[in-house]
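Given next are the chains, with one letter for each unit.
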Amino acid sequence: MERQHYIVNGIANENIKTQIKNALEKVDGVNNVCVDMARGSVEVIYNEPATAQEIRDCIENTGHKIE
């Protein structure tokens, strides 16, 4: 199992938190998603076939920038 942690700009409310979480949970291989609004962070636990690049792309496709 792999674990990635990202600092993401603009997680300002529950709607954005839910949007990011739902998008990531659709990625095949993602097991767990934790979005922390206070820290502006996203932690993803995943297995193959998901890749770190696919997860980064998914977050950025929701309109948010990874620091």
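Residues numbered from 1 in each chain as written. Predicted model: local features only at pLDDT ≥ 70, side-chain atom pairs only at ≥ 80, totals over all residues. Heavy atoms only, no water.

1. Quick notes on the pairing of strand β2 (residues 30–36)
At step 1: Across six bridges, the pairing between β2 and strand β3 (residues 41–46) is antiparallel. Its bridge partner being in β3, D36 is matched across the sheet by S41.
At step 2: The turn linking β2 back onto β3 is made up of four residues, and G40 within it adopts a positive phi angle of 70°. (Pairing = 2+ DSSP bridges. Helix = DSSP H or I, 4+ residues; strand = E, 2+ residues; numbered from the N terminus.)

2. Description of unusual backbone geometry
At step 1: With an omega of 10°, the peptide bond between E48 and P49 qualifies as cis.
At step 2: Here P49 is to be found in the loop between β3 and α2 (52–61).

3. Considering the UniProt feature "domain: HMA" (unreviewed entry) in the chain
At step 1: The feature "domain: HMA" (unreviewed entry), as given by UniProt, occupies residues 2–67 in the numbering adopted here.
At step 2: Split by type, residues 2–67 is 33% helix and 29% strand. Its first and last C-alpha atoms lie 20 Å apart. (UniProt positions renumbered as here; feature names shortened; annotations may be inferred.)

4. Describing the pairing of β3
At step 1: For β3, a buried count of five out of six residues is recorded, marking the element as mostly surrounded by other parts of the structure.
At step 2: Here six bridges tie strand β1 (residues 2–7) to β3, and the two strands are oriented antiparallel to one another. Within the sheet, the bridge partner assigned to I7 lies in β3 and is S41. (Buried < 20%, exposed > 50% of the residue type's maximum accessible area, 1.4 Å probe, protein only.)

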